[in-house]
2 protein chains.
Amino acid sequence: MRTESEIIGRISRGLADRGASKYKANAVRLGIGDDAAVLRGSFLSRGGRNADDLVLSCDAFLENIHFLANVHSADAIGYKALARTTSDLAAMGALPRFFMLSLALPTSRTGPWLEGLITGMARAAREFGMVLIGGDTSQNPTVVMNITVGGDLADGHGLTRSGAYPGDGIYVSGTLGAAQLGLELILRGLYRDARWKRLLEPHLRPKIQLKLGQWLSGEGRQRAIASAATDTSDGLSTDLTHICQSSGINARIYAAQIPVVKVPKQLQRLGLDSLDLALHGGEDYQLVFTVPTAQASRMRRVYRGVPITRIGEIVPAKKSGRQKGRGGSSIELVDAAGKSAPLTPRGWDHFKRS
Amino acid sequence: MRTESEIIGRISRGLADRGASKYKANAVRLGIGDDAAVLRGSFLSRGGRNADDLVLSCDAFLENIHFLANVHSADAIGYKALARTTSDLAAMGALPRFFMLSLALPTSRTGPWLEGLITGMARAAREFGMVLIGGDTSQNPTVVMNITVGGDLADGHGLTRSGAYPGDGIYVSGTLGAAQLGLELILRGLYRDARWKRLLEPHLRPKIQLKLGQWLSGEGRQRAIASAATDTSDGLSTDLTHICQSSGINARIYAAQIPVVKVPKQLQRLGLDSLDLALHGGEDYQLVFTVPTAQASRMRRVYRGVPITRIGEIVPAKKSGRQKGRGGSSIELVDAAGKSAPLTPRGWDHFKRS
C-alpha cells in the first residue's frame, strides 16, 4: 500500500515532469510539492517587469471524509471549505483574489442546506477579499466540493517550504492541537455537551493567518522575515517534516516550548493529551515557519493579536540518519527533562490511516 | 426542486456578485456564466500592455455520475477527465497551459488502477501541451476528481457565449450524438458486443477542438471569425440555448442540416434515434458557434480534418415568447418538411434528471 506522499510522488512523476517543458521552465516558478503553485507574472505578461506572480491551489472537501453533513452545520462547512484552501495562500504570503467552486450534492440539499453553505462561504469570501469567478455543479449522493483559489504575490517574494537553513529559529503562530481537540469531541459524541461547546470553535471555524503570512513574506517591499513556511493543516509533526524534506535539513523542537491546547481534566481522563494533539493534530491552519538569525530581531511575540512562539531550531541533516535511521524522522523532540528522541510524523495522511 | 441553472444562479448571486468588487471590476473580464473565467493579463501585470489573458475552468468528474469505474478503463477515465475540462478552453479559443488535479480514491485503486489513470491523463496532457502544477489527494470510497485547467488567450480575443447577433450563421464541428450513442450502448449493457466496439470510441475518447477554437478566435492576430461559441458538452439543445440566453437572441436550426450520428438499423429498433441523439446527447465536445455575415467568406467546410456544418441562423428574440410562451424555448427547429416547432433543451441537467 502506498502512503499519500508516495501517491503524490507517482502523480508528479507521471504528469508534472514531462511535456510542455518550455512553459514549465519559463512560467512555472513553483510546481507540485509546496502549499500552492506559483506562476511567474513576468512570463504571463510577456516579459513585463514588476508583474505580480499568480498563486494557485486546490483542495477537495468531502462529506464523511473531511466533514459530517449531519454534525457540521452547512454554514460552518461553507466557511471552512474556503478557509482551509485559502490557508495555502497564507502559507505563501499571497494576497487572495478569487476562487472557483466545484460542487456536487444530492437534490435534498439544494434548498435550505445550500443556502446555509452559500452564507458561510460568502462570509469567508468577504473576510478574505475573494470573489467567485467560476465553477461546476453536479448531482451526487454525498456532498463533494473542490475549491480552487488564486491570489497574487509580489514578483518572486513568496514563502516556500524549501528555504530553511541550519541555525534558523522555528516558530508557530497561535495554539496547536485546538482543532483536533474539537474533532475528537465530535468523533466521541461529546459535541452536544454545553461544557465543551467553546472547544469546538477552532475545528468548526478555523482562523487562517493571511496577514501574518504576508508580513513574513516581506510583502514585496522588503526582504522576507521567514526563510520557509507552511500551514499546520496536517499536524505539526507532518507539516514541519515537509519543511525539513523540502529544505534538506533537520529540526529540533522543545516540547515545553510548544503552545499546546489546554485540555480540561475530565477530557484528559479520556486519553486526550495536550502535547499529542499539538504534535499530530491537523487543521489548526496556523503557520509554522523558520527565521534566519539575521532577521530574528524583526520577530514579534504577537502579530496583530496572534501569539507567535519559538519552538526550536533548524539543524543540519544527518545524512545516514535521514536515509534509514530511526524511521527516517527529520525532527528531534526534546522533552521537559532535556531528553531527546526522534519524532515520527503522525499527522494526517489519507492513506496511512486506512 | 431547482434546476442546475437555478442552482448556478443562486451560487452566483451569493458569491460572485458581492465583495472584492475592485478586483472583480478590474481583473475579471469574464466571471461565472461562460465556458471558462477570463482574468485580464493587463491587470495581473499591473497595467502592462500586450499581456495575455488567463483563462481558468474547473470540472468535477465523479464515479457513478460521470463514469463507471467497472466499465470504463482507468486509462480512458484519465484521458477523458483532462479532455472534457480542457474542452472549455477550446470553446474560448485559448491555448492550454497547465492543470491541477484533485483526486480522491479508495486504497484499492492506488495500485494498477492509478497507474492506468496517470497513463491516460499523461497522454492527454502531452496532446494538449499541458503540465500538472498542483493538486490534492484524499481517500474516499469512490473515485472523485476535480480538474482545474488554465490557458492563455491574446488580450481580449476570447470567444464567449454572448456575442451572437441576428443574421449570424450557426455552425457545428464534427458529428453530433456520437458520444451519447456510445453511452447508451454502455447503459444498455451492449458495450461488450464486438459489432459496436467502434461506436464506443467517441464516448470513451472524445476529440476536443483546440485548434478549431483558436482559429475561430482569430488567434490574437486578426478579427475573430466566430461571434460566439461554446462546446457541446451538455447536448446541442442545451448548449445552443446557453448562447441564445447569453446573447439575448433566438436560434433557428434545420433538422436536415445537422450532422447526426449514424445509428445502425439493429440499434434504431431499440429506440436509438439519430436526430434525438444529436439534439440532446451530451459529451461530444464539438464546438457550436456563430459567424457574422461579414466573416462568412472565411469559413471552411473542413478545418484540419474536422468537418464544419452550417445548421441554421440567429434570429431576433421574440420578447413575449422568451418569457413564457412554449416553455421558454429559444430555439426553433425546422423539420425536413419545412415545418417549424420550438425545441426544448433536453440535454444534460444534473438536477432535472432526478
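Draft legend 1. Structural detail: the pairing of strand 5 (residues 131-139) of chain B. Residue and element names in this part refer to chain B. Of all nine residues that make up strand 5, eight are buried, and the element is covered over most of its length. Where strand 4 (residues 95-105) meets strand 5, eight bridges bridge the pair, whose relative direction is parallel. Its bridge partner being in strand 5, Ala 104 is matched across the sheet by Ser 138. Between strand 4 and its parallel partner strand 5, the chain crosses via helix 5 (residues 112-128), and the hand of that crossover is right-handed.

Draft legend 2. Structural context of the side chain of Thr160(A). Residue and element names in this part refer to chain A. Of note, Thr 160 is situated in the loop between strand 6 (144-153) and strand 7 (169-173). Residue classification places Thr 160 among the buried positions, given a relative accessible area of 18%. For Thr 160, the side chain forms a polar contact with the side chain of Ser 162, separated by 3.1 Å. Other than its neighbours up to four places away in sequence, Thr 160 contacts Leu 30, Asp 34, Ser 227, Ala 228 and Ala 229.

Draft legend 3. Region of the structure containing the nonpolar core. Judged by nonpolar contacts, the single largest core of 45 residues is most densely connected at Leu82(B), Phe99(B) and Met145(B). Elements with a minimum of two residues in this core: helix 1 (4-15) of chain A together with strand 3 (53-62), helix 4 (74-92), strand 4, helix 5 and strand 6 (144-153) of chain B. Judged by nonpolar contacts, the second largest core, of 44 residues, contains Tyr79(A), Leu101(A), Leu132(A) and Val149(A).

Draft legend 4. Up close: the interface of chain B and chain A. Between chain B and chain A, the residue contacts involve 73 residues of the former and 73 residues of the latter. Both sides of the chain B and chain A interface together cover about 6,400 Å² of buried area, and 67% of this is carbon and sulfur. Counting every contact that joins chain B to chain A gives four salt bridges. Residue Arg10(A) pairs with Glu115(B) through a salt bridge whose shortest N-O separation is 2.7 Å. Viewed at the interface, chain A and chain B are joined by 19 residue pairs in polar contact (both at pLDDT 80 or more). In terms of residue class, the side of chain B that touches chain A is made up of 39 nonpolar, 21 polar and 13 charged.

Draft legend 5. Broad picture of helix 1 of chain A. The end-to-end C-alpha distance of helix 1 of chain A is 16 Å, a good match for the 16 Å that twelve residues give at a rise of 1.5 Å each. Buried within helix 1 of chain A are the following residues: Glu4(A), Ile7(A), Arg10(A), Ile11(A), Ser12(A), Gly14(A) and Leu15(A). Residues of helix 1 of chain A that are buried sit in contact with strand 4, helix 5 and strand 5 of chain B.

Draft legend 6. View of the relation of the copies chain B and chain A. Screw-axis analysis of chain B against chain A gives a translation of 0.0 Å along the axis, an RMSD of 0.0 Å, and a rotation angle of 180 degrees. Taken together, these values place the two copies in the relation of a two-fold axis. When the interface residues of chain B are mapped onto chain A, 100% of them again lie at the interface, so the same face is used by both copies.

Draft legend 7. The pattern of salt bridges, seen in detail. All names here are of chain A. Overall, the coordinates contain 32 salt bridges over all chains when judged by the stated rule. A salt bridge links Glu 332 to Arg 252, with the nearest nitrogen and oxygen atoms 3.4 Å apart. Of this pair, Glu 332 sits in strand 13 (residues 331-334) while Arg 252 sits in strand 9 (residues 250-254), placing them 80 residues apart in sequence. The network of salt bridges with shared partners includes Arg 252, Arg 310, Glu 313 and Glu 332.

Draft legend 8. Examining the sheet that holds strand 6 of chain A more closely. In spatial order, the strands read 1-2-3-6-4-5 (chain A); together these six strands make up an open sheet with mixed pairing. The open sheet terminates on both sides in strands that have one partner only, identified here as strand 1 (28-30) and strand 5 (131-139) of chain A. Strand-to-strand twist across the sheet, computed as the mean angle between neighbouring axes with direction ignored, equals 20 degrees. Relative to strand 2 (residues 37-39) of chain A, strand 1 of chain A is paired through two bridges, and the arrangement is antiparallel. Paired with Leu30(A) across the strands is Val38(A), a residue of strand 2 of chain A. The sheet strands contacting helix 1 (residues 4-15) of chain B are strand 4 (95-105) and strand 5 of chain A, and the helix crosses strand 5 of chain A at an angle near 155 degrees.

The rules behind the values
Residues numbered from 1 in each chain as written. Chains lettered and ligands numbered in written order. Predicted model: local features only at pLDDT ≥ 70, side-chain atom pairs only at ≥ 80, totals over all residues. Heavy atoms only, no water. Buried < 20%, exposed > 50% of the residue type's maximum accessible area, 1.4 Å probe, protein only. Helix = DSSP H or I, 4+ residues; strand = E, 2+ residues; numbered from the N terminus. Pairing = 2+ DSSP bridges. Right-handed = clockwise from strand over helix to strand, strands pointing away. Polar contact = N/O pair within 3.5 Å; in protein donor to acceptor, adjacent residues only side chain to side chain. Contact = heavy atoms within 4.5 Å. Core = buried A, V, L, I, M, F, W, Y, C linked by side-chain atoms within 4.5 Å. Buried area = accessible area lost by both parts, 1.4 Å probe. Salt bridge = Lys/Arg side-chain N within 4 Å of Asp/Glu carboxyl O. Nonpolar A, V, L, I, M, F, W, Y, C, P; charged D, E, K, R; others polar. Expected span 1.5 Å × (residues − 1). Least-squares fit on C-alpha atoms with pLDDT ≥ 70 in both. Axes fitted to C-alpha atoms, helices over the stretch in contact; angles between N-to-C directions.

By themselves these figures say nothing about function.
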